[in-house]
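Tertiary structure, described
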Amino acid sequence: MTETMTAVAKVRREPGYEVLQKEMPRPGPREVLLRVERAAVCGTDILLYKWDPLVHGLVASLPFIPGHECCGEVVAVGAEVENVPVGVRACAETHIACGQCYQCSHGMPHICRNLVLFGHQTDGCFAEYARVPAGSVYVLTRDLPPEVASLLEPFGVSLRGVEAAEVQGEDLLVYGCGPIGLGAVAAAKAAQARRVIATEVNPVRTELARRMGADLVFDPRETDVREAVLDATSRDGAGCVIEASGAAGAVAQCLACLRKGGRLVVLGNPKAPVKVTNVMRDFMHKEVTLKTLHGRRMYRTWRKAEALLAEGNVDIRPLITHTFPLSGIEQAMEAILTGRACKVELDPTATDTHSP
Ligand SMILES: [Zn+2]
Ligand SMILES: [Zn+2]
């Protein structure tokens, strides 16, 4: 093992990331050290890069290493770690739970009251090695390739959304087809949704939505989505809707598209205060079931997501449009910010840009 490693770092409270040589991390007594095989870029990594006001409060201190979606090999463990052996492959669970609070003691550690986010308030995985608390590690049970295993974290969110929406035999609207929405389209098809209607504005993602199984895809800038959904559903509306865009006004749009008595699951982090526009028509008189989700069940969602991907029921690989070495972080951000990319991955074991 070398004494230093290459890492991407957020150094200043302004836009940008830097590629640095950092001291090799050593696991604390209850931590493991991952040799990162692959790390995926998430929406919050982009907000951190841009230094968007939405994420200023998420960061404990600078400098730190961003990145939270990853898989790798456990190469060292602390003295008190009993549940994770050296040599296994594992993913980091972004939600680090305290183990003591009401939620942690009632089977909901993923929404721990004292939640700490890996790669936000701790150093993350855009590096050759990453330290992860042993309680926040999912040990892989299947032989998933790195580019797929590193997407278990975001795909777990998609999968929980589909589970909560109860899609079997239903027409589902997926509002917004970034990686989370696209994962939901694919998981909904695997869960036997009747038809999947999707909305998206970016042409790369629109094409991917079709490829992942969407039956109809609308651009909300060109199409009145409510009218289109009503037309497609005998004027009933969609029995279930998954909001995955975070766009301002999206929740009101989703409620307007929902069938009376239907289920709305909100996955996208709203970029503006959430409002209901037509309160009686779209909310009170609909007897809406509304569910917000934050993260994955630890670790039931992981196990199910892993099985879906390992058994080929869902093929998530088309989402990966670009893979860069750590030194290519600027090109990675550029590919995303110009709208050419869907999911972008970093390969800390590579020095050259390559296709997934
Ligand atoms: Zn993420
Ligand atoms: Zn807790």
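1. Some thoughts on the domain arrangement of the protein chain
According to the domain assignment, the protein chain consists of domain 1 (4–151 + 316–346) and domain 2 (160–292). Averaged C-alpha coordinates put domain 1 and domain 2 at centres separated by 29 Å. Opposite the eight residues of domain 1 that make contact, domain 2 presents eleven residues. Here the residues of the side of domain 1 that touches domain 2 are counted per class, giving four nonpolar, two polar and two charged.

2. Quick word on the packing of helix α4 (residues 152–165) against helix α5 (residues 179–190)
Remark: α4 packs on α5, axes separated minimally by 8 Å, with the N-to-C direction vectors making an angle of 55 degrees. On the basis of the axis angle, α4 is oblique to α5. The crossing of α4 and α5 is right-handed. Of the residues in α5, those touching α4 at Pro154, Phe155, Val157, Ser158, Leu159, Gly161 and Val162 are Pro179, Ile180, Gly183, Ala184, Ala187 and Ala188. The residue makeup of the contact of α4 with α5, split by class, is ten nonpolar, three polar and no charged.

3. Let's talk about the pairing of strand β13 (residues 238–243)
Counting buried residues along β13, six of its six residues qualify, which places the element largely inside the surrounding structure. Across four bridges, strand β10 (residues 171–175) lies against β13 in parallel orientation. Bridge pairing links Tyr175 to Glu243 in β13. Here five bridges tie β13 to strand β14 (residues 258–266), and the two strands are oriented parallel to one another. Bridging from a neighbouring strand, Ile242 pairs with Val265 of β14.

Conventions and cut-offs
Residues numbered from 1 in each chain as written. Chains lettered and ligands numbered in written order. Predicted model: local features only at pLDDT ≥ 70, side-chain atom pairs only at ≥ 80, totals over all residues. Domains from an automatic or database assignment. Contact = placed C-beta atoms within 7 Å. Nonpolar A, V, L, I, M, F, W, Y, C, P; charged D, E, K, R; others polar. Axes fitted to C-alpha atoms, helices over the stretch in contact; angles between N-to-C directions. Helix = DSSP H or I, 4+ residues; strand = E, 2+ residues; numbered from the N terminus. Parallel < 35°, antiparallel > 145°, perpendicular 65-115°, else oblique. Left-handed = near helix turned anticlockwise from the far one by under 90°. Buried ≥ 20, exposed ≤ 12 C-beta atoms within 10 Å, placed from the backbone. Pairing = 2+ DSSP bridges.

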